[in-house]
Amino acid sequence: MKRLTVLQILPALDAGGVEKGTIEVAQELVKQGHRALVISAGGRMLDRLLRVKAEHFNWSIGRKSLMTLRLVMPLRRFLIEQQVDVIHARSRFPAWIAWLAWKSLPKASRPHFVTTVHGPYSVSAYSAVMTRGERVIAISEHIRQYILTHYPSTDPERIELIHRGVQPMEYPYGYSPTSDWFIQWCHDMPQLEGKYVLTLPARITRWKGQSDFLEMIAELKKRGMTDVYGLVVGGAEKRREGFMQELQKMCRALDIEDNVSFTGHRSDMREIMAISDIVFSLTNAPEAFGRTTLEALSLGRPVIGYQHGGTEEILKVMQPEGLVPVGDIQAAADRVLAFHEQRPIPAREHPFTLQNLLDRTLSVYQQVVHG
């Protein structure tokens, strides 16, 4: 099998699922004996990329400016000099630069062009570039349907459904935090002792469902569930501080101030989910995939989630009794009480693994190169 040179292009390597996926694919390419190149503006995760022996080229390719178009010709030269076999574009503006450079090459000497649609972008000519790949990777069935609905000229045969995946060793089934972590947690959160802990892991923003979560806590309290305690785990950006204040006022109005804590951003989400009785996904818009839902289920923790998007796809496979209609607070409360009586057991075996994602992504590269 030919040794491939694969170039992944994205704005930066600061934080997030796209960035993490880029590094994971680069690591697998190197492990399989291929050459992994990445163009980005660098960032906090650059060291991780370099540790896996990938090659990084520092270009401000994600800066949304007409000046960035000057990178088209340098990228064209780069593709020729580095003998790139596959360009994998993971973000819209870099994808435009990559596509323009790719199109400017003679057909016979072009590398192959692959894109990943990571979310339901605003529907526009600008976003349409993500559907121009010889293969277009959709990260969930929800995203595949988004592509087919909004970009109907996209040949369904070009779309590859490759769900995101979790590393089982990172989120092992039945995981328990270390005693040191647990001692510190009990010291920091004494109010949780003897409580039935419900956790919503999501940054503070209107569409992530914090309002529904608080209403559900109030409903459970009204129904006599005295041991209920809600954790809202996620930070609030400066521009979201007004919404954060609304949520705090809501707690006072619902008389649940003693039943809820806002933890802010935490780097120990795995541990918090592992000690939670139930984890929630209550987004009022569909998740492109639903990574925290998968992570919680992989740990063996029950999840209750709204029946749409990637969350629905994951729960249908791993724990279907956790699905409730979107926005139905009463149904969510009913499900909590049912789980309190008899805890469901999420499936231990499932297809949403990191290795499956990596195998199928590298298979796409091989298919476009070898036909």
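Sequence order as written defines the numbering, with residues in each chain counted from 1. It should be noted that, the model being predicted, local features are given only for residues of pLDDT at least 70 and side-chain atom pairs only at 80 or more, the latter also being counted only at that level, while totals for whole chains, interfaces and linings use all residues. Hydrogens are left out, water is left out, and the side-chain values use all remaining heavy atoms of the structure.

## Some remarks on the pairing of strand β10 (residues 260-264)
The following threshold applies: DSSP-based pairing: two strands are paired if at least 2 bridges between them are found. The secondary structure listing takes helices from DSSP runs of H or I that are at least 4 residues long and strands from runs of E that are at least 2 residues long, numbered from the N terminus. Note on handedness: a crossover is taken as right-handed if, strands pointing away from the viewer, the path from the first strand over the helix to the second is clockwise.
Pairing of strand β9 (residues 228-233) with β10, which is carried by four bridges, proceeds in the parallel orientation. Bridge assignment links Gly230 to a residue of β10, and that residue is Val260. Handedness of the β9-helix α8 (residues 241-253)-β10 crossover: right-handed.

## Let's talk about the nonpolar core
As a reminder, the rule being used: Residue types Ala, Val, Leu, Ile, Met, Phe, Trp, Tyr and Cys, when buried and joined through side-chain atoms within 4.5 Å, form a set referred to as a nonpolar core. Burial status follows relative accessibility: with a 1.4 Å probe on protein chains alone, a residue under 20% of its type maximum counts as buried, one over 50% as exposed, and anything between as partly exposed. Note on definitions: a residue-residue contact is assigned when non-hydrogen atoms from the two residues lie within 4.5 Å.
In terms of nonpolar packing, the biggest core is built from 63 residues, with Leu7, Leu75 and Leu231 touching the most fellow members. At seven residues, the largest contribution of residues to this core is made by helix α4 (residues 92-103). If sequence neighbours within four positions are ignored, Leu231 has contacts with Trp185, Met189, Leu192, Val197, Leu198, Thr199, Leu200, Phe213, Ser261, Thr263 and Ile272. The next biggest cluster of nonpolar side chains, apart from the first, holds 33 residues, and it includes Met216, Ile217, Phe280 and Ala332.

## Remarks on the sheet that holds strand β5 (residues 112-117)
Convention followed: For helices, the fitted line uses only the C-alpha atoms of the stretch in contact; every axis is such a line through C-alpha atoms, and the angle between N-to-C directions lies from 0 to 180 degrees.
On the basis of which strands lie adjacent, the open sheet formed by seven strands has the order β3-β2-β1-β4-β5-β6-β7 and parallel pairing. Only two strands of the sheet have a single partner each, and these edge strands are β3 (55-58) and β7 (159-161). For this sheet the average axis-to-axis angle between neighbouring strands, irrespective of direction, equals 20°. Of the pairings in the sheet, the one linking β5 to strand β6 (residues 135-138) comprises four bridges and is parallel in character. For Val114, the partnering residue across the bridge sits in β6 and is Arg135. Running at roughly 155° to strand β1 (residues 5-9), helix α3 (residues 72-81) makes contact with β1, β2 (35-40), β3 and β4 (86-89) of the sheet.

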